Amino acid sequence: TPLYSSAASDVYKRQAYWIEKALSVDNLFVFILVFSFFNVPREYHHKVLFWGIIGALVMRAIFIFAGVGIIGMTYLPEMVLFGYTVKINVVLTLFGAFLVYAGFKSWFASEESDEEKDFTDNPGAKLIYRFFKVTPEYHGDKFFVIQNGVKMATPLLVVVAVIEFTDLLFAVDSIPAIFAIAPDDPFILYTSNIFAILGLRSLYFLLANFIHMFSKLKFGLAVILAFIGLKMITAPFYHFSSTHSLAVVGGILILSMIASVIW
């Protein structure tokens, strides 16, 4: 039996989808930096993004289904706090505090720090360099080639590994954020996550040529993270409806995009 009514379920799905989609936009900036750093020919971008998305779907399934199970086991007994009878969840409260911290950190993060980053120090790249010899040049869209009887990885495999690890780091923000919506229903969380991620490759090719116009978007995403974190922390005391949450998230995104165009 469904945990929610059909109408409520649709609202939860929309909210989870748009939160994940909004936070995924930040990935696009990093993807562009990674492709630029490794000088990836444009015709190979789609293959890298395809395998990056496949890896993201697997990792997020693990995070979401494991997270729902852990959340179900970490509710404290009912208690009275500040005149309210509440049932606090330890994990959701910690997630909320982390998202508020992540929001503040994202707001004050330097744009130059990402642009000057050496992606060969990324753990994903180090893993490939540790187990394989890597050719200095690309060989079409191949991940492996045979040279002088030796199987070698190509730089394209290194790029995929960097993208996968980078997405893993972004999931640390986005997965706790969607737990604020329907912490007891992994189906809603995962399906909305899938649709948001599957559209990421198309969104990349749509925005790649003018993503520099969204320079203020990171501030909007920082506010969204902090808002969702506060919502999770205060959830036992006050219920902020999903419809209103969706309106807040959409409004913040629109304002940050308008501010980017103006400035």
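The coordinates are above.
Residues numbered from 1 in each chain as written. Predicted model: local features only at pLDDT ≥ 70, side-chain atom pairs only at ≥ 80, totals over all residues. Heavy atoms only, no water.

K.L.:
Give me the lowdown on empty space enclosed by the protein, citing residues and values where you can.
P.N.:
Applying the stated criterion across every chain, the model contains 1 cavity of 30 Å³ or more. In this structure, the largest cavity encloses a volume near 70 Å³. As for the largest cavity, its lining consists of Phe31, Leu49, Gly52, Ile53, Ala56, Arg60, Ile163, Asp167, Ile197 and Leu200. A total of 5 residues in the lining of the largest cavity trace back to one element, the largest contributor, which is helix 2 (residues 45–72). Residues belonging to the lining of the largest cavity are distributed by class as follows: 7 nonpolar, 1 polar and 2 charged. (1 Å grid on protein atoms, 1.4 Å probe; cavity = no way out; pocket = protein on both sides within 12 Å on 5 of 7 lines; lining within 4 Å. Points joined across faces, edges and corners; volume = space filled by probe spheres on them. Helix = DSSP H or I, 4+ residues; strand = E, 2+ residues; numbered from the N terminus. Nonpolar A, V, L, I, M, F, W, Y, C, P; charged D, E, K, R; others polar.)

K.L.:
Pulling in residues and values, what's your account of the layout of surface pockets?
P.N.:
There is about 470 Å³ of room inside the second largest pocket. Lining the second largest pocket are 20 residues, and of these Leu92, Ala180, Pro183, Ala235 and Pro236 sit closest to its centre. Of all the elements in the fold, those that place two or more residues in the lining of the second largest pocket are helix 3 (90–107) and helix 9 (217–234). Along the lines of polarity and charge, the residues of the lining of the second largest pocket split into 14 nonpolar, 4 polar and 2 charged.

K.L.:
Which residues make up the pairing of strand 3 (residues 144–147), and what values do they have?
P.N.:
Pairing of strand 3 with strand 4 (residues 150–153) involves 4 bridges; the strand directions are antiparallel. The residue of strand 4 that forms the bridge with Val145 is Met152. Linking two consecutive strands that pair antiparallel, namely strand 3 and strand 4, is a turn of 2 residues; a positive phi of about 55° is found at Asn148 within it. (Pairing = 2+ DSSP bridges.)

K.L.:
Any details on the pattern of salt bridges? Residues and values, ideally.
P.N.:
Here the structure, examined in full by the defined rule, presents 3 salt bridges. Here Glu20 makes a salt bridge to Arg60, at a shortest N to O gap of 2.5 Å. Here Glu20 is found in helix 1 (residues 6–37), whereas its partner Arg60 is found in helix 2, with 40 residues between them in sequence. For Arg60, a relative accessible area of 2% corresponds to the buried category. The closest approach of N and O atoms between Asp167 and Arg60, which form a salt bridge, is 3.0 Å. In this pair, Asp167 sits in helix 6 (residues 155–178) while Arg60 sits in helix 2, placing the two residues 107 residues apart along the sequence. (Salt bridge = Lys/Arg side-chain N within 4 Å of Asp/Glu carboxyl O. Buried < 20%, exposed > 50% of the residue type's maximum accessible area, 1.4 Å probe, protein only.)

K.L.:
Lay out the packing of helix 9 against helix 10 (residues 242–262) in plain terms, naming residues and giving numbers.
P.N.:
The contact between helix 9 and helix 10 brings their axes to 8 Å, and the two run at 160°. When the axes of helix 9 and helix 10 are compared, the pair comes out roughly antiparallel. In this structure, helix 9 meets helix 10 at a crossing whose hand is right-handed. For the pair helix 9 and helix 10, contact is made by Leu217, Gly220, Leu221, Val223, Ile224, Phe227 and Lys231 and by Ser245, Val248, Val249, Ile252, Leu253, Ser256, Met257 and Ser260, respectively. When grouped by side-chain class, the residues that make up the contact of helix 9 with helix 10 number 10 nonpolar, 4 polar and 1 charged. (Axes fitted to C-alpha atoms, helices over the stretch in contact; angles between N-to-C directions. Parallel < 35°, antiparallel > 145°, perpendicular 65-115°, else oblique. Left-handed = near helix turned anticlockwise from the far one by under 90°. Contact = heavy atoms within 4.5 Å.)

Any link to function would need more than the numbers given here.
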